[in-house]
Amino acid sequence: MSLPDDTETETEIQTNADIETRADIVLCPDGPMLVRGQAVIEDADGTQHATTRPVSAVCRCGRTSRAPWCDGTHKLIADGARSST
Amino acid sequence: MASLPAPRGPLSEVLVQSLGGNFVEQLPAWPDSEPVDGSSDAPGPADETLALWVLHELSYRGFTDVDERWEWHPDLLVLRWRLEGGLEQRLRKRFPTIERTDDFVADLAGLIAADDGPSLARHLQRHGSREQALELLRQRSIYHLKEADPTAWVVPRLPGGRAKTALVEVQFDEYGAGDPQRLHHELFARGMVACGLSAEPGQYADEAITEVLEQNNAGSMFGMHRRLRGAALGHFAAFEATSSVPSRQLAQGLARLELPDEIQAYYEEHVEADAVHEQVALRDICGGLVAREPDLAEDVLLGAWTCLDLEARTASAMLERWEVA
Ligand code: FES
């Protein structure tokens, strides 16, 4: 059964659903790439690293001391030197 | 389980004495904050802060030989109400106006990035002594031995959506992702024992400086009040977002001081874990919460700001004590 203000309600739900959908791979602005679930990351040398957490962060700035994982170092990089997203 | 701490004034004196005795239905009135006769034995900040910490602790691990019914005793709730009211008022008074744009996550990230408080990790990375490192571990043990627990209260307060699933996702990692060996507060306990310290929660409460107890009280209060769920999640986000880099510095400092691998491992775990948690906490947890409940935005910022401010107060107090401030 349709109600008079049906259209408005539907738009609202769609907007909510847009925001609330989960992504498995997320590129964080000026930060790492988040990977959800089990995955194996192969680094530039061909070495494979399996994820061990519900969500993992893969370094994109190249400055981490714990490659391939992000260690927060990207935050110490001056704004101008940041990789763009 | 820990023993009750030593009182720090008239209020905690009465509280500790009551909890140490038999459970009774009715307690005598609590000493007033501002006695009408202007006498000097009113409870001061150190006294009140310890009393509130003891009250909160009843809801976590409790104390040895203390009747578990005290947790919900109406007379204790009256005192908790008064002390939390005072704390919340103090925190809100300190909170400055934060410039807002239409991108809430960027505002929150900006507020955290602008933090330039003193850093204990930076000091210990290169300069601090072994004694200072061990002292810091004892201070931190008040929180780290129940790490993630204050935020866990928030889960049932969230209506649903991304904020809730993301919070549980991060908490799952904090609680070891199904592996008891990886439970974060157990990792810390193992590190403490390896250093020859006690891993009993609250064991070092007598040593804890008021600033550390206040940090713990704020986290517990935010977590335990549904009304303050915004502040709880903002606090959590700021905590996670300021943990990765300092954890790396601390791990380096502890290695330099040749402290055991187990305690280094605790901080090393937090380098990677919190680099992830930071992103999820900012974007999904706080961003998701505010998308659903926009009225909570200000409280999220309050929580984040408070987390940074209280850590700065603790760091200043410790550096002053070590005469490096
Ligand atoms: S992206 Fe975080 S350290 Fe490189």
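Residues numbered from 1 in each chain as written. Chains lettered and ligands numbered in written order. Predicted model: local features only at pLDDT ≥ 70, side-chain atom pairs only at ≥ 80, totals over all residues. Heavy atoms only, no water.

Draft legend 1. Just the overall build of chain A, in detail. Within chain A, the secondary structure is distributed over one helix and five strands. Ordering the α and β elements of chain A from the N terminus gives α-β-β-β-β-β. Split into buried and exposed, the 85 residues of chain A put 32% on the buried side. Total accessible area on chain A is roughly 5600 Å²; 51% of this is exposed by carbon and sulfur atoms. (Helix = DSSP H or I, 4+ residues; strand = E, 2+ residues; numbered from the N terminus. Buried < 20%, exposed > 50% of the residue type's maximum accessible area, 1.4 Å probe, protein only. Areas by Shrake-Rupley, 256 points an atom, 1.4 Å probe, with all protein chains shown as cover.)

Draft legend 2. Structural view of the pairing of strand E5 (residues 55–58) of chain A. Residue and element names in this part refer to chain A. Side-chain alternation along E5 places Val-55 and Ala-57 on one buried face and Ser-56 and Val-58 on a second face that is also buried. Bridging between strand E2 (residues 33–36) and E5 involves four bridges; their strand directions are antiparallel. From the neighbouring strand, Met-33 faces E5, where its bridge partner is Val-58. (Pairing = 2+ DSSP bridges.)

Draft legend 3. Region of interest: helix H11 (residues 229–241) of chain B. Taking 1.5 Å per residue as the helical rise, H11 of chain B with its 13 residues ought to reach 18 Å, and the 18 Å between its terminal C-alpha atoms agrees with that figure. In terms of residue burial, H11 of chain B counts as a mostly covered element, since twelve of its 13 residues are buried. (Expected span 1.5 Å × (residues − 1).)

Draft legend 4. Structural context of the pattern of salt bridges. As enumerated under the stated definition, the model contains 28 salt bridges over all chains in all. Arg-22 of chain A is the partner of Glu-169 of chain B in a salt bridge, and the nearest nitrogen-oxygen pair spans 3.9 Å. In this pair, Glu-169 of chain B is assigned in helix H8 (residues 161–174) and Arg-22 of chain A in the loop between helix H1 (6–20) and strand E1 (25–27), connecting two distinct chains. Using a relative accessible area of 14% as the deciding quantity, one classes Glu-169 of chain B as buried. Taking the shortest distance from any N to any O, the salt bridge between Asp-149 of chain B and Arg-61 of chain B comes out at 2.8 Å. With Asp-149 of chain B in helix H7 (residues 149–152) and Arg-61 of chain B in the loop between helix H2 (45–57) and helix H3 (74–94), the pair connects residues that are 88 residues apart, well separated along the chain. Of the residues examined, Arg-61 of chain B reaches a relative accessible area of 30% and is grouped as partly exposed. One network of salt bridges, in which partners are shared, links Arg-22, Asp-24 and Arg-36 of chain A together with Arg-162, Glu-169 and Asp-284 of chain B. (Salt bridge = Lys/Arg side-chain N within 4 Å of Asp/Glu carboxyl O.)

Draft legend 5. Geometry of the confidence of the model for chain B. Scored by pLDDT, chain B comes out at a mean of 94, with 98% of its residues at no less than 70. Model confidence for the complex is summarised by a pTM of 0.91, with the ipTM given as 0.82. (pLDDT = per-residue confidence, 0-100.)

Draft legend 6. Seen up close, the interface of chain B and chain A. On the side of chain A, 26 residues touch chain B, which itself brings 25 residues to the contact. Summing both partners gives a buried area of about 2100 Å² for chain B against chain A, and 49% of it is carried by carbon and sulfur. There are eight salt bridges connecting chain B and chain A. In this structure, the connection of chain B to chain A is made through eleven residue pairs in polar contact (both at pLDDT 80 or more). (Contact = heavy atoms within 4.5 Å. Buried area = accessible area lost by both parts, 1.4 Å probe. Polar contact = N/O pair within 3.5 Å; in protein donor to acceptor, adjacent residues only side chain to side chain.)

Draft legend 7. Seen up close, the packing of aromatic side chains. Residues and elements named next belong to chain B. A full pass over the atoms with the stated rule returns seven aromatic pairs over all chains. A ring pair is formed by Tyr-266 and Tyr-267, whose centres lie 4.9 Å apart and whose planes are at 90°; its orientation type is edge-to-face. For the pair formed by Tyr-266 and Tyr-267, the shared burial category is buried. The ring of Phe-23 has Arg-69 sitting right over it, with the charged end atom 4.3 Å from the ring centre. Seen from the ring of Tyr-60, Lys-146 lies directly overhead, with NZ or CZ sitting 4.8 Å from the centre. (Phe/Tyr/Trp six-rings, centres within 6.5 Å; stacked < 30°, edge-to-face > 60°. Lys NZ or Arg CZ within 6 Å of the ring centre and 35° of its normal.)

Draft legend 8. View of H8 of chain B. Residues and elements named next belong to chain B. The end-to-end C-alpha separation of H8 is 20 Å, in line with the 20 Å expected for 14 residues at 1.5 Å each. Along H8, the residues that are buried comprise Arg-162, Ala-163, Ala-166, Leu-167, Glu-169, Val-170, Gln-171, Asp-173 and Glu-174. In the stretch just after H8, Gly-176 is the one whose phi turns positive, near 90°.

Draft legend 9. Structural view of the nonpolar core. All names here are of chain B. Of all hydrophobic cores here, the largest spans 103 residues; its most connected members are Leu-76, Leu-108, Leu-137, Tyr-267 and Ile-285. With 13 residues, the top contributor of residues to this core is helix H14 (residues 297–321). Residue assignment places this core across two domains, with domain 1 (10–94) and domain 2 (104–321) each supplying three or more. Ile-285 has contacts with Ala-163, Ala-166, Leu-167, Val-170, Leu-233, Phe-236 and Val-280, leaving out every residue within four places of it along the chain. (Core = buried A, V, L, I, M, F, W, Y, C linked by side-chain atoms within 4.5 Å. Domains from an automatic or database assignment.)

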